[in-house]
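# Structural overview
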Amino acid sequence: MTYQTPDLNTPLAEVRESIEQYKASMARHSSDERKGKGIAWDIQLMEDREPMVEKMIEGFTAIDTHMTNSSFINSPAPDAWTIDRLTDEQIAACKADWPELGMFADDTIRRMADVVGIRMVRAMAQEAVRRAPAVLQARNPQ
C-alpha cells in the first residue's frame, strides 16, 4: 500500500471561492440595491450566506484534519502553501553567508528547508556548532 497525499487543493479552492461569494454578498447587502427592499430581503441575503459559510467550514475542517493528523516531515499542504525548493545557487549563496551550513550536505539543507525554512536550518547548524565541542569532549575524554 502506497501513501497517497490527500487532495487539499480542492478544499482550499472551495474556501477561497466561498470567501469571495461571501464578500460579494456583503457588498450587495450594503449597496444602494438594499434601499426600499425591506427586512425580508435582508433576511434572504443572510440565509443565502449560510451555504457559503458551511462550505468554508467544510474546507477548513478537511485541511485541518489532514494537516493535524500528519507527521511533521512530508505533511500535506495545499500547493498554494508551498514554496519553491532552494536551487543549487541559492544553497551555495546561503553557505557563503552562513558557513555553519557547511556541516550539512546540500540535499539535507534543501529537504529541511522545504519543511522548516532555511533560517531554521541555519539555527540548527548554529546550535550544532555551539554544542559540538562539549559533545566531542564527552565522547573522547582524554
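Before reading on, note that the structure itself is shown above.
In what follows, the accompanying structure is described. (Residues numbered from 1 in each chain as written. Predicted model: local features only at pLDDT ≥ 70, side-chain atom pairs only at ≥ 80, totals over all residues. Heavy atoms only, no water.)

## Some words on the pattern of salt bridges
Between side chains of opposite charge, a pair can form when the charged atoms approach closely. What the rule picks out here adds up to eleven salt bridges. With its nearest N and O atoms 3.0 Å apart, the salt bridge here joins E33 to R28. Of the residues examined, R28 reaches a relative accessible area of 35% and is grouped as partly exposed. With a closest N to O distance of 2.8 Å, E100 and R122 form a salt bridge. Within this pair, whereas E100 is found in the loop between α3 (88–97) and α4 (106–116), its partner R122 is found in helix α5 (residues 118–139), the two being separated by 22 residues in sequence. E100 sits in the buried class, given a relative accessible area of 15%. Overlapping salt bridges bring together E127, R130 and R131 as one network. (Salt bridge = Lys/Arg side-chain N within 4 Å of Asp/Glu carboxyl O. Buried < 20%, exposed > 50% of the residue type's maximum accessible area, 1.4 Å probe, protein only. Helix = DSSP H or I, 4+ residues; strand = E, 2+ residues; numbered from the N terminus.)

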